[in-house]
Amino acid sequence: MSISLLQAIAEEQLPVTIEGAECVDSVQILAMAGHVVADVAEPVRTPMGWVSQSAVVKEITRTGRRTLRTLAPMSRAGLKASDRRPCGPRAIGIAVGWLVAAGMGLELLGRLLP
């Protein structure tokens, strides 16, 4: 999950280089959500489509630190390090779902507030 990746990034000295298409996708999700500041390499064409192979996380934002304080302990509860998968299709889907829900909530607030 992207939050687990955020926790892993927080444990490293920045900047952190992330490699692998699935993890880079998670970094992009974290960046879109405003949790990190990252540079993502230009995508390359593969048989599976266009993918970015690496990203450099330069900073964890205030929003990212707040998320770590509130959500990370719950996501790590009862899991050994070997059980956690910070990247993967399921984790990315969950993160995208949260982002969509947050975006719809913001859109609703925008409609309700003049």
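Residues numbered from 1 in each chain as written. Predicted model: local features only at pLDDT ≥ 70, side-chain atom pairs only at ≥ 80, totals over all residues. Heavy atoms only, no water.

(A) Fine view of the overall build of the protein chain. For the protein chain, the helix and strand inventory stands at five helices and five strands. Per-residue burial for the protein chain yields a buried fraction of 28% across its 114 residues. (Helix = DSSP H or I, 4+ residues; strand = E, 2+ residues; numbered from the N terminus. Buried < 20%, exposed > 50% of the residue type's maximum accessible area, 1.4 Å probe, protein only.)

(B) Seen up close, the sheet that holds strand β5 (residues 54-60). The antiparallel open sheet is built from three strands, whose spatial order is β1-β5-β2. The outermost strands of the open sheet, each flanked by one partner alone, are β1 (16-19) and β2 (36-40). Averaged over all adjacent pairs, the angle separating strand axes in this sheet is 30°, with direction ignored. Bridge count for β1 against β5 is four bridges, and the pairing is antiparallel. Paired with I18 across the two strands is A55, which belongs to β5. (Pairing = 2+ DSSP bridges. Axes fitted to C-alpha atoms, helices over the stretch in contact; angles between N-to-C directions.)

(C) The pairing of β5, seen in detail. As judged from the five bridges shared by β2 and β5, these two strands associate in the antiparallel manner. Across the sheet, the residue bridging to D39 is V56, located in β5.

(D) Expanded view of helix α2 (residues 21-32). Look at α2: 16 Å from first C-alpha to last across twelve residues, which is about the 16 Å you get at 1.5 Å a residue. Buried residues of α2: C23, V24, S26, V27, I29 and L30, and no others. Immediately beyond the C-terminal end of α2, within one or two residues, lies G34, with a positive phi of roughly 85°. (Expected span 1.5 Å × (residues − 1).)

(E) Summary view of the environment of A55. In this fold, A55 is placed in strand β5. Discounting chain neighbours no more than four positions away, the residues touching A55 are V16, T17, I18, V24, V27, D39 and V40. (Contact = heavy atoms within 4.5 Å.)

(F) Expanded view of the pattern of salt bridges. Inspection of the entire model under this criterion finds one salt bridge. Between D39 and K58 there is a salt bridge; the shortest N-O distance is 2.6 Å. You can see D39 sitting in strand β2 and its partner K58 sitting in strand β5, a full 19 residues away along the chain. Using a relative accessible area of 45% as the deciding quantity, one classes K58 as partly exposed. (Salt bridge = Lys/Arg side-chain N within 4 Å of Asp/Glu carboxyl O.)

(G) Structural view of a positive patch on the surface. Judged by side-chain charge, R62, R65, R66 and R69 come together as a positively charged surface patch. The topology assignment puts R69 in helix α3 (residues 62-70). Classification of R69 by relative accessible area gives exposed; the value is 59%. (Patch = residues over 30% accessible without salt bridge, like charges linked within 9 Å, V, L, I, M, F, W, Y side chains within 5 Å. Areas by Shrake-Rupley, 256 points an atom, 1.4 Å probe, with all protein chains shown as cover. Lys, Arg positive; Asp, Glu negative; His and termini not counted. Charge placed at Lys NZ, Arg CZ, Asp CG, Glu CD.)

All quantities given are derived from atomic positions and should not be read as evidence of function.
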